[in-house]
Every structure is written in C-alpha cells, then in structure tokens.
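# A structural walkthrough
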Amino acid sequence: MQTEVIMAGFGGQGVITAGYLLAQAALAEEREVTWLPSYGPEMRGGTANCTVVVGDEPIGSPLVSAPKVAVVMNRPSLEKFAPKLKPGGLLVVDSCLIPIRSDRTDIREFRIRADDLAVSAGSRKGANLAMLGALLGILPLVSRETAEKIIGKHFAKKPQFIESNLQAFLLGFEQAKAGKSDE
Amino acid sequence: MAKVLMKGNEAIGEAAIRAGCRNFFGYPITPQSEVPEYLSRRFPEVGGTYVQAESEVAAINMLYGGAGVGKRVLTTSSSPGISLMSEGISYIAACELPVVLVNIVRGGPGLGGILPAQSDYHQATRGIGHGDFRLLVLAPASVQEAVNLIYEAFDLADRYRNPVLILGDGMIGQMMEPVEFPPMRPLDSLPEKPWAATGMKDRPQNVINSLYLNEHELNAHNFKLKAKYDQVAREQVRFETWRCDGDLDVLVVAFGTMARIVKTALADFNAAGGRGGVFRPITLWPYPHEQLRETARRAKKVLVIEMNTGQMIDDVRMALGPDREVGFFGRTGGVVPTPDDVLAAIGEVTGKGAAR
C-alpha cells in the first residue's frame, strides 16, 4: 500500500519544504519514502512542486502519473494536478489563493483558508504547514505527534519560527480533522 | 547507524568521504552541483581538499595528478562536462590510475537540457575517450545503491588500477530517500600504492606516463590492459532480476531509475494477470550478456526501455543474437516515461493491456 502526494504552488510558498517535512516524518515512522522535486529551469514567481511517495514496501517509481493526493497552493497547480488525480483521490486547496474549484466529481476536494490560518498563527509564511496539517488531518500518513516533532526539529536553528509554524500546522490539522471544508 | 533522508547528490558526496576520499576536483553543472556544494562544506570538517577548477579539463587533469601520487580522488559532473573530461580520462586509463567519476546524466546532445536522461550510455560503456580502454560502469537505481556503489567504487578502482564511472541520472541526483551509510574507512586502512609517484627516496623510480613511441611497447601495453579488462569482465558482472521466476509474457530490460519506473508499471501488469519481470544490469560495463541470455529464454517477449533513443539495446541484441526480436520504448531530453507510458508500451508488445 502506497500513497503518492504532489505538493505544488508558487516558488517561495514552501511546498518543497512541506513535502520534505512529510518525507522526514515518514522516515521517522520507519516507512518507505521517496521525495522528488521538480528541478526544471524554474524562474522567480514560477511554479514549484515535489512528489512524495510513502509506503510500506520499497517504492518503485518516484515519479507519479496519477497521484492519490494533490496539495495545491496556486491556481496553475490546481489546473495542472486536479485532472491527474486517481479516482477517489484527495485534493487539498488553499482557498485564500485559489478562487476556482476542480470540476472532478470522483475525488474529494477539501478547501481551507491556509493563508488566513497562518496569519492568525503568527506568520503568513506558515501557510504551507497549515496545508500539511490539513492533509494529515484527513489522511493520517504519519501521526500528528511525529509531524510536530519533525517541524520542531526543522526549525531548531530558528526557534523564533517554531511556535507559529506548529500553530499553523495544528489549525490546519484540526479543521481538516473536523471535516470543515471552506468555500 | 540510523537512516537519514538525503538527496542523491549529497549522499554521493558523503559516501565518498566514508570510502576514504579526501580529494575532489570539479566544476559545477546541473543536475549534480549539490555534490561539490556538499563536499566544499564537509571536506574542511574531515581534512579533505576541495578544489573548484577553472574548467572540467583542468579538473580531470588535477585528478590525474592526485591519483598519480596515490590519493583517492573523485570528480562528479554531468554530460557536457564529462565530454570535456574525456581526453584526461583516456590518459588516466592509459596510466592505470584509480579514479572515481560520477556522471549525473542530463539530456543531450550538445548543451542539451538539465533534466534526467540516459543518453550517455554509449559514451560510458564504449570507453569514453580515444584509445583502447574500458571503464567499469556502475548504474545505481536508488540513493542507497548509489551510496553502496560509490563506497565500493574506490576499492574497485584501486584493485584494478582503472577509472570507475558511476552513471546516474538527474533523478538519482535530485531525489531524496532514506539512506544508511557504511562506516568511515580509517585512512590508514586504505590499500598501499607502491606504484605511486611519491618521491623515490631509496626505491626504484616510478614513472607515470602514457606516451609510448615504440609501437611494440604500446602494443604490449594495450594487451596488458586487455588482460585486465578480461579479468574485470570475469569478476565484476552485476545485475538484478525482479519477478523473473518461471515463464514470462515479457522481460523488460532497463537500467538505473528507469528500472524502478518499469517495476511500478509491471506490478500493475502482473496484478491484472500478466507475467512480467525486469532484468536490470548494475554493471553496464562489463555487461551481463550471458545472464540476460539465460533469463530471456523463459520470456515470450523482450522489451528494452531507456531514457534515450536506444543505446543499451545494442548490448541486449549482442546478448540475445540476431534471431531474437527485441522491442524498444524510449523518451529523451528530460522526458521521463511515466509508469502509464511504460504500461502502454508493455501492452503493445504483449498484446495484453492493463488498466490503471
């Protein structure tokens, strides 16, 4: 059993970091995992994404045609990855930034105002972690405790950012766990 | 030691340190620049020497010198950079010096692109530079395998006194996977190199030179090298077979990361009632011709899949002979075939589709 997650958005939103933290948490729980970034000739303001595959068996392709999950933080990413999702897949959308919905009826679309949550947690930069929290609130690929431990470790050298990031993660996690999708 | 999550390029750098390498000469090029970046940070901690040369030509000649004085030396580059190094590699092979080279292949020809490709197969396995020589060529399919092969590559280079090339692609370099490192080799445990040019003192002179103006001497030198390559071919063939038991509808031959993508596609093909396996050469030179021939006997169809227009297929044809039909599917220039693409190609060859 494996789960493929694509995290996508503008460069600078932290989608690569969010995917990296998910991969670190998966390793901490002794799962099999691969993390593959897009590394094309990216430009400032362009889109970035990474693919994380988490499983219990050694992972074959780190590259995924049809992911089970897409976590999107800008409109081009929704337009690109929503059509590729497996039927029954999960789309997590930052609805502060993406006004449109996917037209898929065979997937679950969870919309969350991640930017707003991050601002209320202390820093808009934590929106990526609100999105990661939302993903894990719906699909417990790794436990909340493991993710929090990894986030704390990641920001260990910049302790002033730990609290706001953990709080953003938690707000996303709890809203998703409660199943409250925004418009 | 616990596993850590690491990018392929950085893991390659750490594996070289573990293997006792303290000398890196190179020039940055995407998609392998994290190797020099990592080593420029790590070498000062372990007493290593990191030199960013002014060009790949300079770097390979620094390797020539470093190996000549008996040091474990490494360079890493990507396709156009390796082409620039090819003259120096020929000199190094001629002088029978142990060096480890890494090519994290990007799309070509020419300046090409920066995305993953396997289009340097011919270059890697057919000698790379001028003259009658071979490289040992190892192709990892995971970050862990890259680490294990790099660690061993230095020993292989020393044992055979020959350059060893690790052929990866942009995916191996850029991907992160959990990896466990082998222990740090104590530097005083590294093999003695009595042939090295270390200052003659009271021993006979050691000469490192590739110029032989006497044709008979050069002829003899070439046959000495040939005997060494024959020995390597007897001793070092490596490969992996995956789901190759019993009779097969299709045997897919693929190397490096491409083989992983094939495994994912074949898992679906097999779940839908097909019988497919993978033959993955780990040494691209020496190539496992006989082992492939044996495995292919039980397969109705043989399909080669590469990220190029068909290069390893030459070795597959050599292994299987002219009477055996060999299918091919490939994409180039940084277009990485997805599991769906591979499944479609398998469906075409076998006449058995499998829905994903």
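Residues numbered from 1 in each chain as written. Chains lettered and ligands numbered in written order. Predicted model: local features only at pLDDT ≥ 70, side-chain atom pairs only at ≥ 80, totals over all residues. Heavy atoms only, no water.

### Considerations on the sheet that holds strand β7 (residues 164-169) of chain B
Residue and element names in this part refer to chain B. We count it as follows: Any two strands with at least two DSSP bridges between them are considered paired. Each helix is a run of DSSP H or I of at least 4 residues and each strand a run of E of at least 2, with the numbering of both proceeding from the N terminus. Note on method: axes are straight lines fitted to C-alpha atoms, helices fitted across the in-contact stretch only, with angles between N-to-C directions ranging 0 to 180 degrees.
Overall, mixed pairing links the seven strands, which are arranged β3-β2-β4-β5-β7-β6-β12 in an open sheet. In this open sheet, the two strands that pair with only one neighbour each are β3 (49-52) and β12 (283-285). With strand direction ignored, the average angle separating the axes of adjacent strands in the sheet is 20°. Both strand β2 (residues 23-26) and strand β4 (residues 73-77) contribute to a ladder of two bridges, which runs parallel. Paired with F24 across the bridge in β4 is L74.

### Here's the deal with the packing of aromatic side chains
Residue and element names in this part refer to chain B. Selection rule: Paired rings are identified among Phe, Tyr and Trp, the last through its six-membered ring, by centres lying within 6.5 Å, and are further divided according to the angle between planes into stacked (under 30 degrees), edge-to-face (over 60) and tilted (the rest). Note on exposure labels: buried denotes an accessible area under 20% of the residue type's maximum, exposed denotes more than 50%, and partly exposed covers the range between, all computed with a 1.4 Å probe on protein chains only.
In this structure the tally under the stated criterion is six aromatic pairs over all chains. For the pair Y121 and F255, a centre-to-centre distance of 5.4 Å together with 45° between the ring planes defines the contact as tilted. Remark: F255 occurs in the loop between β10 (248-253) and α9 (257-271) and Y121 occurs in helix α5 (residues 121-125); sequence separation between them is 134 residues. Across this residue pair, the class does not change: Y121 and F255 are buried. Note on F239 and F279: the rings are 5.2 Å apart at their centroids and 10° apart in plane angle, and the pair reads as stacked. A residue pair is termed long-range when its members are at least 10 positions apart, and F239 in strand β9 (residues 239-242) and F279 in strand β11 (residues 276-281) qualify at 40 residues. The exposure class of F239 is partly exposed, given its relative accessible area of 33%.

### Let's talk about empty space enclosed by the protein
If a probe as big as a water molecule is rolled over the atoms, it shows which places are left empty. Residues and elements named next belong to chain B. Defined as follows: Put simply, the grid is 1 Å and covers the protein atoms alone, a cavity is a trapped set of points that fit a 1.4 Å probe, a pocket is an open set with protein on both sides within 12 Å along at least five of seven lines, and lining residues have an atom within 4 Å of a point. Grid points are joined across faces, edges and corners, and a volume is the space filled by probe spheres set on the points. Residues were grouped as follows: Ala, Val, Leu, Ile, Met, Phe, Trp, Tyr, Cys and Pro as nonpolar; Asp, Glu, Lys and Arg as charged; and all remaining residues, including Gly, as polar.
Counted under the stated rule, the structure contains one cavity of 30 Å³ or more. One number sums up the size of the largest cavity: a volume of about 40 Å³. If you go around the largest cavity, the residues you meet are V105, A117, Q118, P140, L167, G168, D169, F255 and G256. For the lining of the largest cavity, the leading source of residues is β7, giving three residues. Partitioning the lining of the largest cavity into residue classes produces five nonpolar, three polar and one charged.

### Quick notes on the environment of A:A66
Residues and elements named next belong to chain A. Rule in force here: Should any heavy atoms of two residues lie within 4.5 Å, those residues are considered in contact.
With respect to the helices, strands and loops of the structure, A66 is situated in the loop between β3 (47-55) and β4 (69-72). Judged by relative accessible area, which is 17%, A66 ranks as buried. The spatial distance from the C-alpha of A66 to the C-alpha of P83 is 8.9 Å, given a sequence separation of 17 residues. When sequence neighbours within four positions are dropped, the list of residues in contact with A66 reads E4, K84 and K86.

### Re unusual backbone geometry
All names here are of chain B. With an omega dihedral of 5°, the bond running from T30 to P31 counts as a cis peptide bond. Structurally, P31 can be placed in the loop between β2 and α2 (34-46). With omega at 0°, the peptide bond leading from W285 into P286 counts as cis. Along the chain, P286 falls in the loop between β12 and α10 (289-296). One non-glycine residue with positive phi stands out, namely E96, at about 55°. Structurally, E96 can be placed in the loop between α4 (79-94) and β5 (100-105).

### Section: the side chain of A:N74
Residue and element names in this part refer to chain A. Threshold: Contacts described as polar in this section are N or O atom pairs within 3.5 Å, which, within protein, must combine one atom able to donate a hydrogen with one able to accept it, while residues neighboring in sequence count only if both atoms come from side chains.
Mapped onto the elements, N74 comes out in the loop between β4 and α2 (75-81). On the accessibility criterion, N74 (1% relative accessible area) is buried. Side-chain polar atoms of N74 contact the side chain of S77, separated by 2.5 Å. Those residues within four positions of N74 in sequence are excluded, and the remaining contacts are A8, G9, F10, Q13, T47 and I98.

### Brief notes about the domain arrangement of chain B
All names here are of chain B. Put simply, the test is: What fixes the domain bounds is an automatic or database domain assignment. Whenever a carboxyl oxygen of Asp or Glu lies within 4 Å of a side-chain nitrogen of Lys or Arg, that contact is scored as a salt bridge.
The domain architecture assigned to chain B consists of domain 1 (4-235) and domain 2 (242-350). Computed over C-alpha atoms only, the centres of domain 1 and domain 2 are separated by 28 Å. Tallying the contact residues gives 31 residues for domain 1 and 25 residues for domain 2. Summed over the shared surface of domain 1 and domain 2, the number is three salt bridges. Close ionic contact of D315 with R126 constitutes a salt bridge, the shortest N to O distance being 3.1 Å. Where domain 1 touches domain 2, the interface holds 17 residue pairs in polar contact (both at pLDDT 80 or more). Of all the secondary-structure elements, those providing two or more residues to the side of domain 1 that touches domain 2 are α5, β6 (136-138), α6 (143-160), β7, α7 (170-174) and α8 (215-235). Here the residues of the side of domain 1 that touches domain 2 are counted per class, giving 19 nonpolar, six polar and six charged.

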